[in-house]
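Analysis of the macromolecular model
Letter by letter, the chains look like this.
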Amino acid sequence: MSPDQLRGAEWILASSPFTLGGLRVALQISARPNAASALVQWNAYFTTGVPHEALHDFLVALDASTVPDSGFEEPEAVVMALSAHGWIRDVDRPRTAATDPGFASHVSLEMLPDLIADADLREDLMGWQAWAEPTFGAPYLWCANFSPSVPNELVSAFAASLASPVPVARHRLPQSAEKRLTIVHRA
């Protein structure tokens, strides 16, 4: 829990059978409107394998938000963060879906799978989903889901980091992605 008791993160991999894209959820991050509230306003769920840079930037944005349970950005802000880094907007849904130029990673506003908890209980609400599928039909490398009330500016921070062209260090590369990566070996 954050010192103000408004934000929380829990490693749930060992205790939860909850899956996204066939992968077990490892981390649940949530926010509540006030410290006295027993119920959280929203949740974000991440499987193992989510790029740690994107998760880090999401947490930094969450920590910096003065009111973590509300936001003001429109959903298109998420797609704008992606397209600013060269991601391709979906032709049919240009304001709510984008994919990387190699068609391996995707972010879209969708009806969410069961068990995605949110304070707004209406069934027709959509939330952001992100996933990596290096080749069509291959098993997912990772998945992330954001319940409908997660502020779009927080999802935008995750998306911008995910799409960033800045090189990142990796110890192991997924076999299914090897031919799709630019690899720079340290001297």
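See above for the structure.
Below: a short report on this structure. (Residues numbered from 1 in each chain as written. Predicted model: local features only at pLDDT ≥ 70, side-chain atom pairs only at ≥ 80, totals over all residues. Heavy atoms only, no water.)

If you tally the helices and strands in the protein, you get three helices and nine strands. Across the protein, helices and strands are ordered from the amino to the carboxyl terminus as β-β-β-β-α-α-β-β-β-β-β-α. Contacts spanning at least 24 positions in sequence make up 54% of the contacts within the protein whose residues lie at least 6 apart. For the protein, the exposed surface amounts to about 10,800 Å²; the carbon and sulfur share of it is 57%. (Helix = DSSP H or I, 4+ residues; strand = E, 2+ residues; numbered from the N terminus. Contact = heavy atoms within 4.5 Å. Areas by Shrake-Rupley, 256 points an atom, 1.4 Å probe, with all protein chains shown as cover.)

Bringing the packing of helix 2 (residues 76-83) against helix 3 (residues 152-163) into the picture now. Contact geometry of helix 2 with helix 3 gives a least axis separation of 8 Å together with a crossing angle of 15 degrees. Between helix 2 and helix 3, the interaxial angle falls into the category roughly parallel. By crossing handedness, the relation of helix 2 to helix 3 is classed as right-handed. Along its contact with helix 2, which presents Ala77, Val78, Ala81 and Leu82, the element helix 3 presents Asn152, Val155, Ser156, Ala159, Ala160 and Ala163. In terms of residue class, the contact of helix 2 with helix 3 is built from eight nonpolar, two polar and no charged. (Axes fitted to C-alpha atoms, helices over the stretch in contact; angles between N-to-C directions. Parallel < 35°, antiparallel > 145°, perpendicular 65-115°, else oblique. Left-handed = near helix turned anticlockwise from the far one by under 90°. Nonpolar A, V, L, I, M, F, W, Y, C, P; charged D, E, K, R; others polar.)

Another point: unusual backbone geometry. Look at glutamine 5: it is not a glycine, yet its phi comes out positive at around 65 degrees. With a phi close to 80 degrees, leucine 115 is a non-glycine residue in the positive phi region. Mapping leucine 115 onto the fold places it in the loop between strand 7 (105-111) and strand 8 (126-132).

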